[in-house]
Every structure is written in C-alpha cells, then in structure tokens.
Amino acid sequence: MIDQKYDAIVIGTGITGGWAAKELCENGLKTLVLERGRMIKHVEDYPTANLDPWDMPNGGRITKEIKERKYKQHRTGYVTDPVCEHFFVDDIKHPYNEVRRFDWIRGYHVGGKSLTWGRHSYRLSDLDFKANKKEGVAVDWPVRYNDIAPWYSHVEKYIGVSGEKLGLPQLPDSEFLKPLPLNCAEEDFRVSVAKNMNGRVITAGRVAHITEGTKPGLGRSTCQYRNRCMRGCPYGAYFSSNSSTLPAADTTGNMTLRPHSIVHKIIYDEKTKSASEVEVIDAETKQKHKFKAKIIFLCASTVPSTSILMQSTSKRFPNGLGNDSGELGHNMMDHHFVVGASAQIENFKDKYYKGRKPAGIYIPRFRNIGGDSDSKNFIRGYGYQGGAWRNNMSEVVAELKYGPKLKEEILKPGGWRIGVTGFGETLPDHSNKMYLDYDKLDEWGLPTVTFDADFGENELAMRKDMKDQAVKMLEAAGYKNIVGYDSIESRSMGLGIHEMGTARMGHDPKTSVLNKYNQIHTCKNVFVTDGSFMTSSACQNPSLTYMAFTARAANYAAEQFKNGNL
Amino acid sequence: MKRRDALKNIGLTAGLIIATPSVISLLNSCNTNPNNWNPTFLNKDQASMLMNLIDVIIPKTDTPSASEVNVVEFLDKYYKEILDDTRQKWLKEAYVSLLNLIKSNYSDTVNDLTEENYKDLLDNHMITNGESNDISDLLKNIKSDTIWAYKISEFVGENVLAYDPIPGAAYCGDLEELTGGKSWSL
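Scoring rules and cut-offs
Counting starts from 1 at the beginning of each chain's written sequence and moves along it residue by residue. Each chain takes a letter, starting from A, and each ligand takes a number, starting from 1, following the order in which they are written. Confidence filtering applies because this is a predicted model: local features only for residues at pLDDT of at least 70, side-chain atom pairs given and counted only at 80 or more, and all residues used for totals across whole chains, interfaces and linings. Hydrogens are left out, water is left out, and the side-chain values use all remaining heavy atoms of the structure. Every helix listed is a DSSP run of H or I at least four residues long, and every strand listed is a run of E at least two residues long, numbered separately from the N terminus. Only the C-alpha atoms count toward the radius of gyration. The rule for a globule is 2.2 Å times the residue count to the power 0.38. Type-normalised accessible area, obtained with a 1.4 Å probe on protein chains alone, sets the label of each residue: buried when under 20%, exposed when over 50%, and partly exposed for intermediate values. Contacts between residues were defined by any pair of non-hydrogen atoms, one from each residue, lying within 4.5 Å. Values of accessible area rely on a 1.4 Å probe in the Shrake-Rupley scheme; residue burial ignores everything except the protein chains shown. By definition, two strands form a pair when at least two bridges between them are found by DSSP. Any carboxyl oxygen of Asp or Glu within 4 Å of a side-chain nitrogen of Lys or Arg constitutes a salt bridge here. Stacked, tilted and edge-to-face are the three classes assigned to paired rings of Phe, Tyr and Trp, where Trp is represented by its six-membered ring and a pair needs centres within 6.5 Å; plane angles under 30 degrees give stacked, over 60 edge-to-face, the rest tilted. Over a ring means this: the NZ of a Lys or the CZ of an Arg is within 6 Å of the ring centre and within 35 degrees of the ring normal.

Engineer: For this particular structure, what's the right way to read the overall build of chain A?
Structural biologist: When helices and strands are counted, chain A shows 11 helices and 20 strands. The C-alpha atoms of chain A give 24 Å as radius of gyration, which agrees with the globular expectation for 566 residues (24 Å, within 12%). In terms of overall dimensions, chain A has a C-alpha envelope of 80 × 55 × 45 Å along the principal axes. Each of the 566 residues in chain A was classed as buried or not, and the buried ones make up 65%. Nonlocal contacts in chain A, meaning residues at least 24 apart in sequence, comprise 72% of its contacts between residues at least 6 apart. For chain A, the exposed surface amounts to about 20300 Å²; the carbon and sulfur share of it is 49%.

Engineer: Is there a simple way to explain the pairing of strand β15 (residues 416-424) of chain A in this structure?
Structural biologist: Across a regular strand the side chains alternate sides, sitting on one face of the sheet and then on the other. Residue and element names in this part refer to chain A. Of all 9 residues making up β15, 8 are buried, and the element is well covered by its neighbours. Pairing analysis gives 9 bridges linking strand β14 (residues 382-390) to β15, with the strands arranged antiparallel. Opposite R390, over in β15, you have W416 as the bridge partner.

Engineer: Looking at this model, I keep getting lost on the pattern of salt bridges. Mind explaining?
Structural biologist: If the charged atoms of two oppositely charged side chains come close together, the side chains can form a pair. Residues and elements named next belong to chain B. Within the structure shown, the criterion is met by 41 salt bridges over all chains. With its nearest N and O atoms 3.3 Å apart, the salt bridge here joins E81 to K77. Placement of both E81 and K77 in helix α4 (residues 71-81) is noted, with a separation of 4 residues, approximately one turn of the helix. You can call E81 partly exposed: its relative accessible area is 31%.

Engineer: Help me out: how do you make sense of the packing of aromatic side chains in this one?
Structural biologist: A ring pair, where both rings are aromatic, is described by two values, the distance of the centres and the angle of the planes. Across all of its chains, the model carries 34 aromatic pairs over all chains by this definition. Aromatic side chains F366 of chain A and Y382 of chain A sit 5.5 Å apart centroid to centroid with 80° between the ring planes, which places their arrangement in the edge-to-face category. Highlighted residues: F366 of chain A in the loop between β13 (361-363) and β14 and Y382 of chain A in strand β14, separated in sequence by 16 residues. Comparing F366 of chain A with Y382 of chain A shows no difference in burial state: the two are buried. Members of the aromatic cluster, joined through ring pairs, are F41, F74, Y78, Y79, Y95 and W148 of chain B. The ring centre of W444 of chain A lies 5.5 Å from the NZ or CZ of R36 of chain A, which sits over that ring.

As structure tokens, then:
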C-alpha cells in the first residue's frame, strides 16, 4: 500500500539530509524526510549539555556495561563516553561484520552525526579535484573547484565557519567568521615554525562555530567556549541539522519528518526508467510502508546509503540500483591518522588560558604542492590538527607520596604540552569494499554489512613523513622531550569517521555510479549526496564538501523538477 | 548523596558556597562512615583501611580531606562499575596482599592503625624509583585515583579549584590573575 505521495523524499537527517531537506523545501517541494532513528529536538534532547563531572555517576567515566554493549563504537575511545554515548548506536542491536577490522561509528537519530561531528571545515581545491586525472588514479572527478566554489560560499554563510584568510591555493579560504584565538603556546609554535621552516603555515582550526553574531536556525548564537560540543550545544553555536537546516526546512511548511523509518529499498519503475517509491520498515512497530516521490535524495551516510542501493535490486539493476559499473560498495576510503608528535614547552609558566576552545591549530597541506614540497615516496598529502594546553596538575605530584604539600600541588596547573596529529589522504582502491551478508540479518530482517578494507602502501609511506615532519616542527620551535608516534593498532579504516567513496562520481557510467550532479547515471531522479559520492578523499575533513555538493544537487534537482525534467 | 543535597541547600540559602569551617564541619557530619555504609567491591576492612589511607594522602587542611568529599564511596563504586574484569581481579588480589602486609607489620585490627603507620606504609612500600611490585602498584594506583576523585568531587570542583562553567570568551592571560594559581576544574 502506498502511504502518501511527495515531490521529494530525503533519506537521512544528518549533515547532508538536513541540507537536502532545507534546499528542497525552500524551493517549494513537498518533502518527506525519513530518519531511521528517534527524534532529537534541539536543546531539549541534550540531556548532558550542562553536566559537570560530579553531576554524573563515576565522574562520567565509561562503564563496563557500555563498553560491553558498544564494543565496536568504543574503539574510538570517546564516543562511548556517558556525556555523548546516547548519540551512538549499540553494536549488539546494530551488528556488522569485518573481514578486516573496520570501525563503523554511527548515530541513528534525527541529526545523525551532525550533532557529534568534529566541526573542522575545509574546502577542497583543484589540487584535489584534478589529482586522479593527473596521476591516472581511479577515475577523474567530473567537477572542478569553480563548479563547487559558489556552493561552498552558500553553505558557509549559512552555517558559520570561523577561520583565518590565508590565500593558499591548496586550501581555498572560506567565507569566514573571525578565527578562534590561538593560545600563547600555539602562537609561539606558529611564529617559530614560520620563522625556522621557510614560512610553513600554522593557523586556527577552521571550524563550524559562530565566533561573532548569530546565524539562522533555532536561536543560534556565539560560542561560549565550554567545549562540550558532542553533547549538543544549547547555544546552537556549532552547526547541526537539529539547530539549523531542519528547523529551516520545517519553517517552510513543506517538510514532513518521519523518525523511526528504516528505508531499505528504492523501487525502480521499468516503464518510466526512474525510481518511483521507497520501502520503509517502521523501526518500532516493524510495519512496512511505501512512500512515492518524484525525486529521492539518499543522505543516509556513506555505508547505509550504499547498502540501500545494494538492496534496491530489480530486473534492470540485478546488482543494485545504478550499479552498471560494478563500483558500488568499492573504493572505500577514510582518512588515516593517529600519527604525529607531542612535546613539552618549558616557557609560559606564568601564563594560563580562559575558556575551553572547541578547536586548536591546523597545519595546511605542505607536501606535493609543487617544487621542493614534492615527495618521491608517496603521492597526495596530509594536514595536521593539534593544540597546546597545560597539564591539569603540577609535575611535582609524581615525586610526592602524601600530605599537605601534595595536596597543594594537585591543585596547581602543570606545564605546557603541545601535540599535532596528521590526517592523510587515502587513495581509492577497488579492492577496498563493503558488501551485504544475507545470512546474517538484523532484527528487522535486513542484511548486515561486511567490511573488507584497509590502507595501502601509499598511505603507509605517507605516515612516515607525517611523523617525521611533526617531530621536525616541534624541534624547530625548540620544544623538549619530543615524542613522535604512529599508532599502528589504531590505524584501521573507519576510525576517522570519514568513510566515503562507495558510490563514486565520474564522467562514465561504466566506471562510476553518479554523475556530476550526484545523480545516478542511469536513474536520474535518485541523488546520492553523502560521503559515498567522493571520487577521491583529499586530506581535508569532508563534511563541508558534502554539504556544498548536497546544496548544489538539491537546487539542481528543484530546477529540473520545476522544468518538468524530473 | 545527602552531602550534595546539603551543599546545594547551603548554596540556595547563602548564595555562595565557600570553604568556611562551618561548611567543613557539615561535610564531616555526613561523610561516609564504614560502620553504616556497605561497600560493594571492597570488604569492610579494606574500605576502612582505604578511608584512613586516603586521608593521609590528601589530609584535611583549610580545605576538606579526601574522605570528607566521599572519595572512598566513589572509588568502591568506580572499581565495581568501571573497571574491566581483569583489572578487578588484580585489584581484589592486591587489596588482599596489602591488608596482609598491614596486619603483619602494624596491627591485626585495621581500626587500630595510626596515621604514622600509614605514613610508614607509604614511605616504605610505595616505590617511586626502582622496580615496582603489586603492593607498590596498588598504593600508586590509590594515590592517583584519590587525586582524580578528589578533584572531580563537587565541592573541590566548584570551590577549591577555579570553576568557570560558561567562560563566554577564550584568551591567554596571567596565571595569578586568571585563577590565583589554581587549575581550572573543567
């Protein structure tokens, strides 16, 4: 039975679903937004937003029970924290399989991972969009920087991105709000590295935080420097679907939001050669529903969107909707990280900071951007995130065993430390894949996902340089007790929570799933705009790019709809 | 939790909680007493020993001691609800070894131990330089857990350390001017 007809259906409410909903609704399309999880209302459903450690059992430490139920989510070490664990799934209720370890970190609720994302927001450049073609890797992006630049601006002006204009060709500037301030040790690092390493640039992390004024949405205002972002921000200071795009879509009167709706299949109509409806299982009642629409936006996040396409088989598409190329589910990428260095800073003992900044420093890519920067050992590049802080108690504490002197010292701040962690580009590789296991079904009778992916030789060669350069920069700044690290056991895919590439864009339907407007080449009323469309990973945090491509695709879809082409 | 309710009521009536002797005595009046509190991970002897030991580590001065902010009750619950099975097994055994050592060196009755006995225990059995052993590891563990639990207690977090729940700004400044030389609690 068909429940209802809409102009458009958006599957997913995270960072891209919210944008698709907003743009489609603002263009006048009656839009059904389907979310597999529960409702999360801005502010009222952030139960831990104002809790101090003493307001929580065990000071907010992760309990044995949570670690046992969320044993895969816990591999991150932080998403199972009681302050935010309610925004991440239970691995026993939502199982998946691994041929090679894959850390699949998921948020099944309205807002998805837009509530808990890292908020770092960087544009890709033509260095990234042209790289595959230049080097003969995978397939060429069907998009260049000039195509997407206006959409970056469109998104940035709406969400609010703080940062410093640098004019770097490899990391184009955004429409910035004022940058987060560097603390005195971070400023020292910036000055020393520029001076001693031929002008190498260190800047404030570019993050989706309002640092001045307000932004549209449900009362979005300036950051209060509490650094409790992952709990949901009662000030709406960082961008999330819940505080921003979903309320905007709702205001139009064109949005119907339906939580607890697990989409598992898109039906292809052989007569019209387009998708006609989606099949939904109600997560709570397990009842089946069908919803019809002229346009479908798949924004469920990379793995679920790919999984829905794989389940959407038909006579025309026996291997999954739009999968003539055989690339669906392949070319899985994530950024590789947990490699870098840290050190002790002996100066600034009389200095301290006020406020808990939600981000520290960013070191833009300086490798393989031409000339002396080029490496013989690997292609592509990496950036670093990092920061400087004071330890929370005096180092003297280690030498004292008991008594009033110990008590005095535990209340004083310790010395300064600084650390940087690299985030490196991963090359697309057909052998890195996900697929469905129909022998292991979940509680809704749907197939589970199996991962078989890992980083390759180029990434491993890059990591050596990521560690070496981190050490060299700390040395150049004159810091002490420098420790470089490369955490091999933490380097499986998924941990970066930037999984992408499994329904890639390209020029040719024979080698890619989507065209340059994120449309399935061979089923043009289905748009896939989450991370699955990424043709290469670049090294920048990807969410801003997902949002820009979503806004562009949604406006294109609305235009085509109005012209009667969809 | 009664202690916290009491403190919150003071906050409501006096407007501001400060570490005055009257507050300290109130803390004393409702702190944990092993005679009327049943530990769930430790046994009574171990809990009693721990209460006296942590007050040697963090004694009462013009601010509360460790037991006055209920660190014993906190650690007993923490051991049970947070630590994994391997760690719990190790702790159980190490506590037994520590109690055996205490009984053979000082007194069969834990309640008879003096402050000097505990200082002697820490001086001689917490090894900070050189090869450690289970007893020393446990003592060092108790020290670090006690410091952590003390610093995240409500009283210390809000009144002893520098507390700034909504900073509203971020900048660098002079340590003395910003916090009087204290760490931020958050």
